[in-house]
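A closer look at the structure
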Amino acid sequence: MTGKTAFETRYGFARNQVLLGNWRESPFSRWSFQNVGELVPSARVAAVPGSAEIPVQDFGGLLDEKVALAGGPETVAAFLTRSDTDALTIMKAGNIIGDWFAPHMQFGARHIIFSISKSLTAILAGILEGEGIFDPQAPVTRYLPEAAGSAYGDASVRHVLDMTVSLDFEEAYLDPESAFARYRRATLWNPGGGTESLTDFILTLQRLAEPHGRTFRYRSPNSDLLGILLERASGRRFAELMRERLWLPLGATSEASVTVDRQGTARTAGGISVTPRDLARVGEMMRQGGMANGRRVVPEAWVRDTTGTGGDTEAWQRGTMAFLFPQGRYRNKWYQTGAASGAFCGIGIHGQWLYVNPKAEVVFAKMSSQPEPVEEPLDVDMVAFFEALSRMV
């Protein structure tokens, strides 16, 4: 009888137990969220050649400090464990001041960021608008004429960016018989895919009777469509756009990746994987108004609109996420919290957060493998945790 392999000792299960049908389930997600490319076809996004990271920065005594949460005081270390955190990187005033990793995640590993992918994709939209290549006010059909018979036939790019498309679709993450499951098959995220492309699926979606622009509806296909529109407008593949317009100018030190469907179309709604450090750098660039390493990456007007001045409060209030940010708004696939700190963030299922607090000059990049896709009480705790931690670092 043989003993456990090094893999089994580290993760608690064997590699051959992780399959396309269970990779988003616990405990397998502790490994798969860092190795999506072994399960779903993925395109590479190269980093700056020869770049290197500074060593891990220890949080020191911060882990023993207590934060006030809804259920009572809790140490930082206990909360990180309770929220199934895989990694947390904190930047303060542009400097990395701490990294924390779970035993099953190594420094320098990539991790899928799920719907924070939407936020990165919208950054590219802002860059291309600044270059005169992309118009957020244009109809979707300017870039994708085939969309004429779909829900997007009379929608604008702005509706797509702000999740105000009146789309007849539900984010039913756990229903194997839903249209959402068919959507995931089209992205090659679930077994049984390969017969319908992501674009083909999106073009079958129909609209609700309500006019576009009235209600915030969180619908992931909008963000995959945005990636397709960017490719059509630029004539470049998404991975190339991300590398040339964002990853290299940002000064990212590690390769990123994005999952693709059978036609090579990028899953820009949720398929990007990056390191915690590089994700934090994205947040810092947004905090700096679109600047990184002394150069402009994103037009300042786009960043200010995204993080502070844009968005429709009434559309947000009509949606289903106002409980999280009662005074918030949603703009260009970023959340404005409405807090006095001016905080804004990107959020992904299973506990992915990029939280930026401009007043405290702090950026948090948190990657997790929470068992459930969405846990609303934990999300509320998460916001309180970041705000409390902002006052402590």
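Residues numbered from 1 in each chain as written. Predicted model: local features only at pLDDT ≥ 70, side-chain atom pairs only at ≥ 80, totals over all residues. Heavy atoms only, no water.

Examining the sheet that holds strand 5 (residues 95-101)
Sheet architecture is open: seven strands sit in the order 5-4-15-14-13-12-11, paired in antiparallel fashion. If you trace the sheet from one side to the other, it starts and ends with strand 5 and strand 11 (329-331), each paired once. Put simply, the sheet's adjacent strands are angled 20° from each other on average, direction ignored. Pairing analysis gives three bridges linking strand 11 to strand 12 (residues 334-336), with the strands arranged antiparallel. What sits directly across from Arg 331, in strand 12, is Trp 334. Along the sheet face, helix 14 (residues 376-390) touches strand 4 (85-92), strand 14 (352-357) and strand 15 (362-368) and points at about 40° away from the line of strand 14. (Pairing = 2+ DSSP bridges. Helix = DSSP H or I, 4+ residues; strand = E, 2+ residues; numbered from the N terminus. Axes fitted to C-alpha atoms, helices over the stretch in contact; angles between N-to-C directions. Contact = heavy atoms within 4.5 Å.)

Things to note about the side chain of Ser 29
Mapped onto the elements, Ser 29 comes out in helix 2 (residues 29-32). We classify Ser 29 as buried; its relative accessible area is 1%. Residue contacts for Ser 29: discarding those within four places in its chain leaves Trp 23, Arg 24 and Ser 369. (Buried < 20%, exposed > 50% of the residue type's maximum accessible area, 1.4 Å probe, protein only.)

Things to note about the pattern of salt bridges
Inspection of the entire model under this criterion finds 29 salt bridges. Residue Glu 38 is joined to Arg 15 by a salt bridge in which the shortest nitrogen-to-oxygen separation is 3.2 Å. With a gap of 23 residues between them, Glu 38 in the loop between helix 2 and strand 1 (42-45) and Arg 15 in the loop between helix 1 (6-11) and helix 2 connect regions that are remote in the sequence. The residue Asp 135 makes a salt bridge to Arg 142 at a minimum N-O spacing of 3.6 Å. Given the relative accessible area of 27%, Asp 135 is considered partly exposed. Beyond isolated ion pairs, a larger network of salt bridges with shared partners links Glu 53, Asp 99, Arg 277, Asp 278 and Arg 281. (Salt bridge = Lys/Arg side-chain N within 4 Å of Asp/Glu carboxyl O.)

Structural notes on the nonpolar core
Within the largest apolar cluster, 77 residues are counted, with the highest numbers of intra-cluster contacts made by Leu 120, Tyr 152 and Trp 247. At eight residues, helix 4 (residues 116-130) tops the list of elements feeding residues into this core. Aside from chain neighbours lying at most four places away, what touches Trp 247 is Val 45, Ala 46, Ala 47, Leu 120, Met 242, Ala 252, Ser 254, Glu 255, Ala 256, Val 274, Asp 278 and Val 282. The next biggest cluster of nonpolar side chains, apart from the first, holds 37 residues, and it includes Met 163, Ala 322, Tyr 335 and Ala 388. (Core = buried A, V, L, I, M, F, W, Y, C linked by side-chain atoms within 4.5 Å.)

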